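An overview of the molecular structure
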Amino acid sequence: MSSKITGACLCGNVAFAYSGDIAAAAYCHCTDCRRTTGSAFNISIGFDADTFEITRGAPRAFEKTADSGNAIVRHFCADCGAPLYTSSPAHPEKVYVKAGALDDPNVVKPAYQSWLKSRVAWSHIADDLPGFETDRDGA
Ligand SMILES: [Zn+2]
Ligand SMILES: [Zn+2]
């Protein structure tokens, strides 16, 4: 599958585009993904680095050795703080884009989940929780 995909950070100062094959997306429950998203897990999608381009702004980068032992560079908007993608010096041919940063997140098809040993109990949303179409106050 190949298509043109675009995305951006929360404030819009950084935007990106991609055209190429879309690898399987994955849920990651690792501790670093929990901290970087501020949520239960991360969903990322693998893109070929040579057809991934930043089309606006310049993301900042933060490098950390991940639980896997590999150095991971996390790219984010320095203005709004939104995480955008990760790269790995060991695998320069790929970038792993945060699924929620895509303009059309429905192109994402999660295929597996990793780091289940770090999964938090609240990563699963119970079907019987009260739900609201917008926020709870209906505002
Ligand atoms: Zn931003
Ligand atoms: Zn992770």
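Think of each chain on its own: its residues are numbered from 1, step by step along the sequence as written. Numbering of ligands from 1 and lettering of chains from A proceed in the order in which they are written. Local features in this predicted model are restricted to residues of pLDDT 70 or higher, and side-chain atom pairs are both shown and tallied only at a pLDDT of 80 or more, whereas totals for entire chains, interfaces and linings draw on every residue. Think of the side-chain values as coming from all heavy atoms in the structure, minus any hydrogens and water.

1. Some thoughts on the pattern of salt bridges
Only one rule defines a salt bridge in this text: a Lys or Arg side-chain nitrogen within 4 Å of an Asp or Glu carboxyl oxygen. Considering all chains together, one arrives at two salt bridges under this definition. A salt bridge links Asp 32 to Lys 64, with the nearest nitrogen and oxygen atoms 3.1 Å apart. A residue pair is termed long-range when its members are at least 10 positions apart, and Asp 32 in helix α1 (residues 31-37) and Lys 64 in strand β6 (residues 60-65) qualify at 32 residues. Per-residue accessibility, obtained with a 1.4 Å probe over protein chains only, is compared with the maximum for each type, and a residue is labelled buried under 20%, exposed over 50%, and partly exposed between these values. Judged by its relative accessible area of 9%, Asp 32 falls in the buried class. The partly exposed category is assigned to Lys 64, whose relative accessible area is 35%. For the salt bridge of Lys 94 with Asp 48, the shortest nitrogen-to-oxygen distance reads 3.1 Å. Here Asp 48 lies in strand β4 (residues 42-48) and Lys 94 lies in strand β9 (residues 94-98), a separation of 46 residues in the sequence. A relative accessible area of 23% means that Asp 48 is categorised as partly exposed. By the criteria applied, helices consist of DSSP H or I runs no shorter than four residues and strands consist of E runs no shorter than two, each listed in order from the N terminus.

2. Here we look at the sheet that holds strand β3 (residues 25-28)
Pairing between strands is defined by DSSP: at least two bridges between them are needed. One open sheet accounts for seven strands, arranged β6-β7-β8-β9-β4-β3-β10; its pairing is mixed. Looking at which strands have only one partner, the edges of the open sheet turn out to be β6 and β10 (110-114). Going across the sheet, the axis of each strand differs from the next one's by a mean of 30°, ignoring polarity. With axes taken as lines fitted to C-alpha atoms, and helix axes fitted only over the stretch in contact, angles between N-to-C directions fall between 0 and 180 degrees.

3. Section: the pairing of strand β2 (residues 15-21)
The buried fraction of β2 is high, at five of seven residues. Bridging between β2 and strand β5 (residues 52-56) involves four bridges; their strand directions are antiparallel. Residue pairing in the sheet places Phe 16 in a bridge with Ile 54 of β5.

4. Quick look at the coordination of the zinc ion (ligand 2)
Octahedral metal centres with six donors ideally show angles of 90 or 180 degrees, and tetrahedral centres with four donors ideally show 109.5 degrees. Note on the zinc ion (ligand 2): its protein donors are Cys 28 (SG), Cys 30 (SG) and Cys 33 (SG). The metal-donor distances range over 2.1 to 2.3 Å. Coordination here is defined by N, O and S atoms within 2.8 Å of the metal (3.2 Å for Na, K and Ca), and since water is not considered, a site can look incomplete. Every donor residue of the zinc ion (ligand 2) comes from the same chain, spaced as C-x1-C-x2-C. For the residue pair Cys 30 and Cys 33, the accessibility class agrees, reading buried in each case.

5. A few points about the confidence of the model for the chain
Mean pLDDT over the chain works out to 93, with 97% of the residues at or above the 70 mark. Scored from 0 to 100, pLDDT reflects the predictor's confidence in each residue. Taken element by element, the predicted model of the chain shows its lowest mean pLDDT in strand β1 (residues 2-8) (86) and its highest in β5 (98).

6. Some points on the packing of aromatic side chains
Two aromatic rings from Phe, Tyr or Trp, using only the six-membered ring of Trp, form a pair when their centres are within 6.5 Å; if the ring planes differ by under 30 degrees the pair is stacked, by over 60 it is edge-to-face, and anything between is tilted. In this structure the tally under the stated criterion is five aromatic pairs. Ring plane angle 40° and centroid distance 6.4 Å describe the contact between Phe 47 and Phe 52, whose orientation is recorded as tilted. A single burial state applies to Phe 47 and to Phe 52, both of which are buried. Summarising the aromatic geometry, the rings of Phe 52 and Tyr 85 are spaced 4.9 Å apart at their centres and angled 65° between planes, so their arrangement reads as edge-to-face. Note that Phe 52 is positioned in strand β5 and Tyr 85 in strand β8 (residues 83-87), a separation of 33 residues in sequence. You'll find Phe 52 and Tyr 85 in the same group, each marked buried.

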